[in-house]
Amino acid sequence: MLKGSALSILFVVDHLESGGAPVVVKDLIDGMVAAGADVSLLILSERQAHPLPDEVEVSTLPYRGQGRIGKWLRYRRHARLLDGWLAANGTHYDLVYAHLHHAHQVVSRSRLKDAAWYCLHSDPVIGFLGNKRGLARLLKKHKVRSLYHGRKLVTVSQAMLDRLIRHFNITPSRGEAIHNPIAIENVRDLASTTVTDVPEDYLVYVGRTDNRQKRLDRLLDAYQASRVALPLVVVGGGSGLADVEEMVRERRMEDQVVLVGYRGNPYPYMKQARALLLSSDYEGFPLVLLEALACQTPVISVDCPTGPSELLTGDLSPWLVPLGNIEAFGVAIARAVEKTPVVSEQQCEPFRLDNVVKRYLALHGGGRESEPGSESVTADERRAAI
């Protein structure tokens, strides 16, 4: 519990629907309410799917710009709406956390720009630069630096903070790497439900069907290379689902791959699986790996630039495979099916929600809470390192 007067906290987020980041936001809010904080949530759209504690004051503030000009000025105009909402609300916030890119753009143009902590959830290099080359790459780097230079930043892995600073020449006023939390008991409780729309024994992928990031083509190729008899179940929706269906047909794997679509509660699918597979080109800190481990389901992940290597350490390190090596990925899948690893109940303890919440709350007043593998850096420390 918090000592003395409760901290007043504001979360600003694009939406609270699908994806790992909204789940993290929801869990952080739950944990902060449990710690005695006074939490408000401002959603910059009308998209909310996750339930929240009754104590949380939830507001929506969508911007509906029309035409090319409306789109071009959307961040600035949305920031004006935010400033108006703040003036009408009249509440002083001890901590402000902005999550997801649209919220960052809007908050950076508002009166909250210097007070807010800008929380990033995915690898900025691949996420922002992608396949950009030449002038387009330089312009994007300039835009990203303008957005984050001199700001207070929270990233969900240390490698992600380092890449943001190094590749975009950014010096944050303060930088924190805080690993994603997991509400272990909540995940296990939800996972106890039995699902009957999948085979009795299977491998599973859980996540969005966005092939640009999640690389379902790599997943299918590695699964095919493994030559295992177990079916592969894909749990996830999104605009890329039709593309995944086409990739399955192209590989003639219709009898081996089961596409169940989006599920509001994916945890039973994780718990009943032999192993969970992650094939992404980039992540921030993949919550789905923690969720599977909380269900005591083994995981096999590619070693994308940030996230998995900070999670799959020690006894779990053999299940981290080189990013571009389909053969090694397939071998690891076959090995896990032949002799399924045992996951300890204690595997996720360092990422327990209340421990991570303490680190977020300690950002008030410049305090620190230590976490193994996480670091805090000041602007002067970063300048010395660059």
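Residues numbered from 1 in each chain as written. Predicted model: local features only at pLDDT ≥ 70, side-chain atom pairs only at ≥ 80, totals over all residues. Heavy atoms only, no water.

1. Re the side chain of H99
For clarity, the threshold we go by: We count a stretch as a helix when DSSP gives it H or I for four or more residues in a row; a strand needs E for two or more, and each element gets its number in order from the N terminus. Classification of residues uses two cut-offs on accessible area relative to the type maximum, computed with a 1.4 Å probe and protein chains only: under 20% is buried, over 50% is exposed, and between them is partly exposed. Polar contact is the term for a pair of N or O atoms within 3.5 Å; when the atoms are in protein, one must be able to donate a hydrogen and the other to accept it, and sequence-neighboring residues count only if both atoms are side-chain atoms. Residues count as neighbours in contact if any of their non-hydrogen atoms are within 4.5 Å of one another.
By secondary structure assignment, the location of H99 is in strand β4 (residues 95-99). Given a relative accessible area of 0%, H99 falls into the buried group. There is a polar contact of 2.8 Å between the side chain of H99 and the side chain of H121. Once you skip the residues sitting within four places of it in the chain, H99 turns out to touch F11, V12, V13, D14, V25, L28, H104, C119 and H121.

2. Regarding the pattern of salt bridges
Our working rule: Whenever a carboxyl oxygen of Asp or Glu lies within 4 Å of a side-chain nitrogen of Lys or Arg, that contact is scored as a salt bridge.
Tallied over the entire structure, the rule returns 18 salt bridges. We note a salt bridge from E46 to R64, for which the minimum N-O separation is 2.8 Å. Highlighted residues: E46 in the loop between β2 (38-43) and β3 (57-60) and R64 in the loop between β3 and α2 (67-72), separated in sequence by 18 residues. R64 shares its class with E46; the two are exposed. Between D114 and R151 there is a salt bridge whose closest N-O contact spans 3.3 Å. Taken as a pair, D114 in the loop between α4 (101-107) and β5 (117-120) and R151 in the loop between α6 (134-148) and β6 (152-155) lie far apart in primary sequence, 37 residues in all. Given a relative accessible area of 13%, R151 falls into the buried group.

3. Regarding a positive patch on the surface
The condition is simple: Patches in this entry comprise residues that are over 30% relatively accessible and not in a salt bridge; like charges within 9 Å are linked, as are nonpolar side chains (Val, Leu, Ile, Met, Phe, Trp, Tyr) within 5 Å. Note on areas: these come from Shrake-Rupley sampling with a 1.4 Å probe, and a residue is covered only by the protein chains present in the view. For the purpose of counting charges, residues Lys and Arg are taken to be positive, whereas Asp and Glu are taken to be negative. His and the chain ends are not included. We put the charge of a Lys on NZ, of an Arg on CZ, of an Asp on CG and of a Glu on CD.
A grouping of R76, R77, R80 and R109 is seen on the molecular surface, where their side chains present a positively charged patch. With respect to the element layout, R76 can be found in helix α3 (residues 74-89).

4. Brief notes about the sheet that holds strand β11 (residues 275-278)
Quick reminder of the rule: Strand pairing is defined by DSSP finding a minimum of two bridges between the two strands.
Spatially, β10-β9-β8-β11-β12-β13 is the arrangement adopted by the 6 strands of the open sheet, whose pairing is parallel. Sheet topology places β10 (257-261) and β13 (320-321) at the edges, where each strand pairs with a single neighbour. Across 4 bridges, strand β9 (residues 232-235) lies against β10 in parallel orientation. Within β10, the position partnered with L232 by the bridge is V257.

5. Observations concerning the confidence of the model for the protein
Rules: Per residue, pLDDT measures the predictor's confidence, with a range of 0 to 100.
Confidence in the prediction of the protein, expressed as mean pLDDT, is 91, and 93% of residues score 70 or more. Here residues 368-386 is modelled with pLDDT under 50, and outside its nearest four sequence neighbours on either side it reaches 53 contacts, counting other chains as well.

6. Looking at a nonpolar patch on the surface
Together, L135, L138 and L139 give the surface a local cluster of nonpolar side chains, amounting to about 330 Å² of exposed area. With relative accessibility at 61%, the residue L135 sits in the exposed group.

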